[in-house]
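Structural overview
Here is how the chains run, residue by residue.
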Amino acid sequence: MSKLSQQEEKELISFIKDWLKSHGFNQKDLAYELNIKSSRTSEIILKIKELYKKGGMFNIAKNLIKIEQKWVNNLKDNSQEIKQTPPYNQLDIDSLVNQINQDING
């Protein structure tokens, strides 16, 4: 496969930075998912070039989609765990306020 042009490389890095920001992740998170030791932009570029050599833009997109799906699934799992914890209802709050008042008034 041919190499990425400098313009393509620049556009990809810009896209990846925006993509990370939109999902609330950073280069360190991406480096972890790409199995690279450094989160430096230059190291991420090397990995992107490697993915490009193995299958072009399609391969880059496929890998980024896989990472995004993993992140989205993790967020869903985390939100389900949070939802399973029952929130306080009004009776609990009233009971707590009454207990606080009793403690204060002695």
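Residues numbered from 1 in each chain as written. Predicted model: local features only at pLDDT ≥ 70, side-chain atom pairs only at ≥ 80, totals over all residues. Heavy atoms only, no water.

1. Brief notes about the overall build of the protein chain
- Along the backbone of the protein chain there are four helices and zero strands.
- Counted from the first residue to the last, the protein chain has its helices and strands arranged as α-α-α-α.
- Every one of the 106 residues in the protein chain was classed for burial, and the buried ones make up 24%. (Helix = DSSP H or I, 4+ residues; strand = E, 2+ residues; numbered from the N terminus. Buried < 20%, exposed > 50% of the residue type's maximum accessible area, 1.4 Å probe, protein only.)

2. A closer look at unusual backbone geometry
- A positive phi angle, near 60°, is found at Asn 35, a position not held by glycine.
- Counting through the fold element by element, Asn 35 comes out in the loop between α2 (27-33) and α3 (41-84).
- With a relative accessible area of 71%, Asn 35 lands in the exposed category.

3. Quick notes on the pattern of salt bridges
- Counted under the stated rule, the structure contains four salt bridges.
- In this structure, Glu 50 and Lys 47 form a salt bridge, with 3.5 Å as the shortest nitrogen-oxygen distance. Pair noted here: Glu 50 and Lys 47 are both in helix α3, with a separation of three residues, about one helical turn.
- Owing to a relative accessible area of 34%, Glu 50 belongs among the partly exposed residues under this scheme.
- Between Glu 50 and Lys 54 there is a salt bridge, with its nearest N and O atoms 3.5 Å apart. Of the two residues, Glu 50 and Lys 54 both sit in helix α3, four residues apart, roughly one turn of that helix. (Salt bridge = Lys/Arg side-chain N within 4 Å of Asp/Glu carboxyl O.)

4. So, helix α1 (residues 6-23)
- Here α1 is 18 residues long and its end C-alpha atoms lie 26 Å apart, about the 26 Å a rise of 1.5 Å per residue gives.
- Those residues of α1 that fall on the buried side of the exposure criterion are Glu 9, Leu 12, Ile 13, Ile 16, Trp 19 and Leu 20. For α1, the buried positions fall inside an angular range of 130° around the axis, keeping them on one side. Relative to its buried face, α1 has exposed residues pointing more than 90 degrees away, namely Lys 10, Lys 21 and Ser 22. (Expected span 1.5 Å × (residues − 1). Arc of directions from axis to C-beta.)

5. Topic: the confidence of the model for the protein chain
- Averaged over the protein chain, the pLDDT score is 86; the fraction of residues at 70 or greater is 85%.
- Confidence, expressed as mean pLDDT per element, reaches its minimum in the protein chain at helix α4 (residues 90-105) with 77 and its maximum at α2 with 95. (pLDDT = per-residue confidence, 0-100.)

6. A short note on the nonpolar core
- Ile 16, Trp 19, Leu 30, Leu 34, Ile 48 and Ile 60 are the most contacted members of the largest nonpolar core, which totals 17 residues.
- For this core, the secondary structure elements donating two or more residues are α1, α2 and α3.
- Among the elements that line this core, the one with the most residues is α3, at eight residues.
- Once residues lying within four places of it in the same chain are set aside, the contact partners of Trp 19 are Leu 30, Leu 64, Ile 67, Glu 68 and Trp 71. (Core = buried A, V, L, I, M, F, W, Y, C linked by side-chain atoms within 4.5 Å. Contact = heavy atoms within 4.5 Å.)

7. Notes on the environment of Lys 28
- Within the secondary structure layout, Lys 28 lies in helix α2.
- Separated by 10 residues in the primary sequence, Lys 28 and Ser 38 have C-alpha atoms spaced 7.6 Å apart.

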